[in-house]
Amino acid sequence: MDMSVEHTLYDWFRDIWLPAAGAILIPVAIAFFTWFFGAERAEERKEKNALRDNLNFLKSMTYGTIASFIGLRERVIYILNAQKKTYENTSADEKSKFFSLLYVKYVFNYVDISQYKNCTEYVPNFPLILGAIKSYITMVSARIEDRNNILKTLCTAKDFHPDCIVPKIAKAHFSGDLQLTEQFLVEIDATIDMLADLMQMIDDIGNIKKFKLVQLELSPAQKSVLNSIDKNVILKFI
């Protein structure tokens, strides 16, 4: 074969075909990898935003539940202190507050535990913690419902004033519920304590992920309540 012809064909392949192919394939490759990694980043951003939104929601529900349970706790402590007196030495106001219905907001029930399975990367037992908190809230809810139902059977008046209850029945009910009230208070404290720990976990995860989570701070009075909770009593109960 004529070497000049072979050289000419090689030059044609090198100087014309390869650049032409490159001019087509390189932009296609760039476009493909740009799309591939762009889509991957978009999915990562989507997951990151979903986690941030879920944590913000959970933090709001936790904050609201803590505030509501602290209010309930104050009411139960008032009732407990009244019960430690004799019925005859209890003021009309104390009797009235004892024989009245209890209420608390259960906004934490809207929390869907399955939305936080990705949090196990940061707190391995995170879903278990949420489940335990929801269980305790359900337990407190059952206590309140049972208590309210009993009171409704004792008196038909809307304010459940002790004057509308037969004195002997009122006295027996007032004195007989002391131990139950003490146990109820421990359940409330255990729930508040777990919720406070959860608030810290949420903030810790937010710091790791560099999220700007919603700013929710407990008041000095609420923090004082948290500090007054005896964890040793809770540990004995649970």
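Residues numbered from 1 in each chain as written. Predicted model: local features only at pLDDT ≥ 70, side-chain atom pairs only at ≥ 80, totals over all residues. Heavy atoms only, no water.

Moving on: the side chain of Glu94. Positionally, Glu94 belongs in helix α2 (residues 92–98). Taking relative accessible area as the criterion, Glu94 reaches 11% and is therefore assigned buried. Contacts of Glu94, omitting those with residues within four sequence positions, involve Tyr78, Ala82 and Lys85. (Helix = DSSP H or I, 4+ residues; strand = E, 2+ residues; numbered from the N terminus. Buried < 20%, exposed > 50% of the residue type's maximum accessible area, 1.4 Å probe, protein only. Contact = heavy atoms within 4.5 Å.)

Here the chain averages 80 in pLDDT, and 76% of its residues register 70 or above. Here residues 1–5 is modelled with pLDDT under 50, and outside its nearest four sequence neighbours on either side it reaches 1 contact, counting other chains as well. (pLDDT = per-residue confidence, 0-100.)

Moving on, we get to the pattern of salt bridges. Under the definition given, this model contains 8 salt bridges. Close ionic contact of Arg143 with Glu187 constitutes a salt bridge, the shortest N to O distance being 2.7 Å. Separated by 44 residues along the polypeptide, Arg143 in helix α3 (residues 126–154) and Glu187 in helix α5 (residues 178–209) bring together distant segments of the chain. The exposure class of Arg143 is partly exposed, given its relative accessible area of 23%. Relative accessible area serves as the criterion here: at 1%, Glu187 is assigned to the buried category. (Salt bridge = Lys/Arg side-chain N within 4 Å of Asp/Glu carboxyl O.)

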